[in-house]
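Analysis of the macromolecular model
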Amino acid sequence: MSNLLTKALSMITGAETVLSFSIPKKIRPLKKLTERELIQLESEIGRELFGPIPKGHRREFFNLDPKTWIWYEESKDASGLVHSSTTRYEVQEKGILKAQDGAQYSYIEGQELRNLSLAIQMYYEQVMRQIYKRDPKTGHQLA
Amino acid sequence: MTEQRANVYDINEYRQLPAGEGAADLRDNDQLDLRKSRLMSPEAARALLLTHQAYAETGVEKPLALIVAEYALACGVNIGQVRSDKLDSQESKAA
């Protein structure tokens, strides 16, 4: 598995291995936060941007680094088997490259491109305001 | 309280996409300076900046994919900056 995907998954799960999925501990307001915890907080906003999450499903959406956005979906089938998929959207010179589960690559276009743009905008504005208390337009601290 | 870093990009020119079909009403931002991106490779940042400038000079409508890529990058860089600020402010308080 690529280092980037491993890093992304460790941001989601807090574990180095993809085989264990731990729910993040409650983050105390005065506790010093790590980068991973900040991203987890952001993902709490990101996952809600796409509507209600079905019961038993898990979803994450977050900005991993300046040119990478991660979408993660996890669910269990009737037999209890966990199915998961990770989609990485990578900013490149030609557009946004979509990589699914490390195997399929394509530049997104059309409605998917518009949807991603809107999701990024909503993520950015809400994360800046709610987590970092910054004006998303100027970057200044909110009063 | 951490001071705002100078290279947080002003992206207030980007407009919300209209619902449904139709061209995106997104505009590039004159203040967007991809050369300030610290985490993108210099080559990739230069390529994006040159493309940005080329479209501005010719007046040709920039493809939506490129507009969205620039916007996504600006958001990513800005978020990275505020995260770093947050982490740094925690370190300075602890010191």
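Residues numbered from 1 in each chain as written. Chains lettered and ligands numbered in written order. Predicted model: local features only at pLDDT ≥ 70, side-chain atom pairs only at ≥ 80, totals over all residues. Heavy atoms only, no water.

**Focus on the overall build of chain B**
- Helix and strand counts for chain B come out as two helices and zero strands.
- The 95 residues of chain B split such that 45% are buried.
- Working note: accessible area of chain B is about 5200 Å², and carbon and sulfur atoms make up 48% of it. (Helix = DSSP H or I, 4+ residues; strand = E, 2+ residues; numbered from the N terminus. Buried < 20%, exposed > 50% of the residue type's maximum accessible area, 1.4 Å probe, protein only. Areas by Shrake-Rupley, 256 points an atom, 1.4 Å probe, with all protein chains shown as cover.)

**Observations regarding the packing of aromatic side chains**
All names here are of chain A.
- Using the criterion set out here, one finds six aromatic pairs over all chains in the structure.
- When the centroid spacing of 5.9 Å and the interplanar angle of 20° are considered together, the rings of Phe 61 and Trp 69 count as stacked. For the pair Phe 61 and Trp 69, a shared accessibility class is recorded, and that class is buried.
- With 6.3 Å between their ring centres and 65° between their planes, Phe 61 and Trp 71 make a pair best called edge-to-face. (Phe/Tyr/Trp six-rings, centres within 6.5 Å; stacked < 30°, edge-to-face > 60°.)

**Topic: helix α3 (residues 110-130) of chain A**
- If you check α3(A), its first and last C-alpha atoms are 30 Å apart, about what 21 residues at 1.5 Å a residue would give, namely 30 Å.
- Among the residues of α3(A), Leu113(A), Arg114(A), Leu116(A), Ser117(A), Ala119(A), Ile120(A), Gln121(A), Tyr123(A), Tyr124(A), Val127(A) and Met128(A) are the ones counted as buried. (Expected span 1.5 Å × (residues − 1).)

**Observations regarding helix α2 (residues 35-46) of chain A**
- The end-to-end C-alpha distance of α2(A), which contains twelve residues, comes to 16 Å, matching closely the 16 Å that a straight helix rising 1.5 Å per residue would cover.
- Those residues of α2(A) that sit buried are Glu37(A), Leu38(A), Ile39(A), Gln40(A), Glu42(A), Ser43(A), Ile45(A) and Gly46(A).

**Digging into the confidence of the model for chain B**
- The predicted model of chain B averages 56 in pLDDT, with 33% of residues at 70 or higher.
- Counting contacts from residues 1-45 of chain B, a segment whose pLDDT is below 50, to residues more than four positions away or on other chains yields 99 contacts. (pLDDT = per-residue confidence, 0-100. Contact = heavy atoms within 4.5 Å.)

**Details of the side chain of Glu74(A)**
Residue and element names in this part refer to chain A.
- With respect to the element layout, Glu 74 can be found in strand β2 (residues 68-76).
- Within the buried set, Glu 74 has no salt-bridge partner at all; the shortest N-O distance to an opposite charge, 4.0 Å, is to Arg 58.
- A distance of 2.6 Å separates the side chain of Glu 74 from the side chain of Tyr 72, its partner in a polar contact. (Lys, Arg positive; Asp, Glu negative; His and termini not counted. Salt bridge = Lys/Arg side-chain N within 4 Å of Asp/Glu carboxyl O. Polar contact = N/O pair within 3.5 Å; in protein donor to acceptor, adjacent residues only side chain to side chain.)

**Describing the pattern of salt bridges**
- By the definition in use, this model includes seven salt bridges over all chains.
- Between Glu42(A) and Arg83(B) there is a salt bridge whose closest N-O contact spans 2.7 Å. Of this pair, Glu42(A) sits in helix α2 while Arg83(B) sits in helix α2 (residues 64-94), placing the two residues on different chains. Side by side, Glu42(A) and Arg83(B) carry an identical accessibility label, which is buried.
- In this structure, Arg58(A) and Glu60(A) form a salt bridge, with 3.2 Å as the shortest nitrogen-oxygen distance.
- Accessibility expressed as a relative area gives 6% for Glu60(A), which makes it buried.
- Where salt bridges share partners, they join Arg47(A), Arg58(A) and Glu60(A) into one cluster.

**Observations concerning the sheet that holds strand β1 (residues 58-65) of chain A**
Residue and element names in this part refer to chain A.
- A sheet is described by the order of its strands in space; here five strands give the open sequence β1-β2-β3-β4-β5, paired in antiparallel fashion. The open sheet has two free edges, formed respectively by β1 and β5 (104-107), since each of these has just one partner strand. In this sheet, neighbouring strand axes are inclined to one another by 15° on average, regardless of whether the strands run parallel or antiparallel.
- Bridging between β1 and β2 involves seven bridges; their strand directions are antiparallel. (Pairing = 2+ DSSP bridges. Axes fitted to C-alpha atoms, helices over the stretch in contact; angles between N-to-C directions.)

**Re unusual backbone geometry**
- In this structure, Lys133(A) is a non-glycine residue whose phi angle is positive, near 55°.
- Relative to the assigned elements, Lys133(A) resides in the segment after α3.

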